[in-house]
Structure formats: structure tokens, C-alpha cells
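Residues per chain are reported as follows:
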Amino acid sequence: MLKVNFTVVFDKAKLSAVSGIVIRNHEGMLMVAATFPSSFISDHCVAEAKACEQAIDLAYELNFRRVIFEGDSPTVLRKLCSPAKDMSLISMIIKSVKTKTESFDKVTFQHRPRNCNKVANLIAQLGRSSFDTNIWMEEAPPPIDELIKKDRWWTAPPI
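Quick caveat: nothing in here was measured; it's all calculated off a predicted structure.

How each quantity is defined
Residues numbered from 1 in each chain as written. Predicted model: local features only at pLDDT ≥ 70, side-chain atom pairs only at ≥ 80, totals over all residues. Heavy atoms only, no water. Helix = DSSP H or I, 4+ residues; strand = E, 2+ residues; numbered from the N terminus. Polar contact = N/O pair within 3.5 Å; in protein donor to acceptor, adjacent residues only side chain to side chain. Contact = heavy atoms within 4.5 Å. Buried < 20%, exposed > 50% of the residue type's maximum accessible area, 1.4 Å probe, protein only. Pairing = 2+ DSSP bridges. UniProt positions renumbered as here; feature names shortened; annotations may be inferred. Salt bridge = Lys/Arg side-chain N within 4 Å of Asp/Glu carboxyl O. Expected span 1.5 Å × (residues − 1). Core = buried A, V, L, I, M, F, W, Y, C linked by side-chain atoms within 4.5 Å. Arc of directions from axis to C-beta. Axes fitted to C-alpha atoms, helices over the stretch in contact; angles between N-to-C directions. Parallel < 35°, antiparallel > 145°, perpendicular 65-115°, else oblique. Left-handed = near helix turned anticlockwise from the far one by under 90°. Nonpolar A, V, L, I, M, F, W, Y, C, P; charged D, E, K, R; others polar.

### Some words on the side chain of Ser-38
In this fold, Ser-38 is placed in strand S3 (residues 30–39). Engagement of the side chain of Ser-38 in a polar contact is seen with the side chain of Gln-54, the distance being 3.3 Å. If we ignore the near neighbours within four places in the chain, the residues touching Ser-38 are Leu-15, Ser-16, Ala-17, Lys-50, Gln-54 and Phe-131.

### Some thoughts on the pairing of strand S2 (residues 16–24)
Working note: regular strand, side chains alternate between the two faces of the sheet. Within S2, nine of the nine residues are buried, which leaves it mostly tucked inside the rest of the structure. Of the two faces of S2, the one holding Ser-16, Val-18, Gly-20, Val-22 and Arg-24 and the one holding Ala-17, Ser-19, Ile-21 and Ile-23 are both buried throughout. Hairpin connection from strand S1 (residues 2–11) to S2: four residues lie between these consecutive antiparallel strands, with Leu-15 at a positive phi of about 50 degrees. The turn linking S2 back onto S3 is made up of five residues, and Gly-28 within it adopts a positive phi angle of 85 degrees.

### Quick word on the UniProt feature "domain: RNase H type-1" (unreviewed entry) in the chain
Per the UniProt record, "domain: RNase H type-1" (unreviewed entry) is annotated on residues 5–125. In this annotation, residues 5–125 is assigned 37% helix and 31% strand; the end-to-end C-alpha distance for the span is 14 Å.

### What to know about the pattern of salt bridges
On inspection of all chains with the given rule, the structure shows eight salt bridges. Its salt-bridge partner being Glu-70, residue Arg-112 comes within 3.4 Å of it at the nearest N-O pair. Taken together, the residues span a long stretch of sequence, with Arg-112 in the loop between strand S5 (106–111) and helix H4 (118–127) and Glu-70 in strand S4 (residues 66–71) at a distance of 42 residues. With a relative accessible area of 5%, Glu-70 lands in the buried category. In this structure, the salt-bridge partner of Asp-86 is Lys-79, at a minimum N-O distance of 2.8 Å. Under the relative-accessibility criterion, Lys-79 is labelled partly exposed at 22%.

### Quick notes on helix H1 (residues 44–61)
For H1, spanning 18 residues, the distance from its first C-alpha to its last is 26 Å, which sits close to the expected 26 Å at 1.5 Å a residue. When we look at burial in H1, the residues that qualify are Val-46, Ala-47, Glu-48, Ala-49, Ala-51, Cys-52, Glu-53, Gln-54, Ala-55, Ile-56, Leu-58 and Ala-59. For H1, the N-terminal cap is Asp-43; the gap from its side-chain oxygen to the backbone nitrogen of Cys-45 is 2.8 Å. Two residues or fewer after H1 comes Asn-63, characterised by a positive phi angle close to 65 degrees.

### Remarks on the nonpolar core
Core analysis: the largest hydrophobic core is formed by 32 residues, its most contacted members being Phe-6, Ile-21, Ile-23, Cys-52, Phe-69, Leu-80 and Phe-109. Elements that contribute at least two residues to this core include exactly S1, S2, S3, H1, S4, helix H2 (74–81) and helix H3 (91–101). Counting residues in each nonpolar core, the second largest holds nine residues, with Val-22, Leu-30, Ile-123 and Ala-140 among its members.

### Some thoughts on H2
Note on helix geometry: an α-helix contains 3.6 residues per turn, so any two residues three or four positions apart are oriented the same way. Within H2, burial applies to Val-76, Leu-77 and Leu-80. The arc that holds the buried residues of H2, viewed along the axis, is 95 degrees, so those residues lie on one side. Of the surrounding secondary structure, the elements contacted by the buried residues of H2 are S1, H1, S4, H3 and S5.

### Here we look at the packing of H1 against H2
At their nearest, the axes of H1 and H2 sit 9 Å apart, and the two run at 55 degrees to each other. One way to sum up the angle between H1 and H2 is to call them oblique. With respect to the hand of their crossing, H1 and H2 are arranged in right-handed fashion. Facing Cys-45, Glu-48, Ala-49 and Cys-52 of H1, the residues of H2 in contact are Thr-75, Val-76 and Leu-80. Considered class by class, the residues forming the contact of H1 with H2 number five nonpolar, one polar and one charged.

Here you go:
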């Protein structure tokens, strides 16, 4: 199983957001890091739901089919785990994500507090400096790489 962490940096004044996504293997090693900018986003919850959808899309495009998705939006993750029909502002994104996950072999959604999602948050912060999509495979810019190494030490100490 791979772990995909996602979060978003939202700018209400500019109606924009940048999603930060990090994908790691079972040893905590970086496989992929990415930023995805979005425009015309009017609400933080919409931005978080969009970040989740972008994480799903990235994992699918890379042919990862057994995945744990972790985000720091309790609202989005609660809706994704609920069998009830969603009628909120983000209902179309929630429905889209649920449909897309049917193409995976195994998917789990878990909430993680923002302080446990530091790598994805740093990636999203760095993405604000460029309004381009950025994808790094197995390597990331130095500040991200250093944080991944520290985070990996806590989650999977080197042998």
C-alpha cells in the first residue's frame, strides 16, 4: 500500500488554491511530490475537496491501485467515508472522488491533523510561488527533501 498525503493552501482574496500532494511507499520513501494550482475557488472546503480529487487523479495516472489517502480536512474525509448522499457545496466533487475510487483495488481515507501533514503543506506553500503544475519523481526540492527525511525517521526509522 502507498500513502498519499494531500492538503491545500487557499487564497480567498485571489480565489485561488494550490494543492500539495506527496506519495510515499511503505518505507516512507518519496515516490512522487506534486503541486496543482486551481483558479476560481471560492471556498476553503471546495479547495480541500479539489486537492483530494487531484490526489486521486495523480495516483490513478501513475497506476497506483492500493492507496491510503490522508488529508487534513475532517469535513471532506467524513463525507468521503459516509454512505449518505452528500448535498453540500462540495457534493459534485465528493461524488466524483467516490466514483473514481471504484477503479482502485483498495482505497482508505484517513484524517490527519495539519501538524501531521507537514510535507504536503510545505509542498503546497512552495507551489504558491509558481502557478504551474509541478511534479517531482523520487526527488524533491531541498526543503521538501529534508522534511521528508525527518518525517521518515519518525515513521520508519532506518535499519
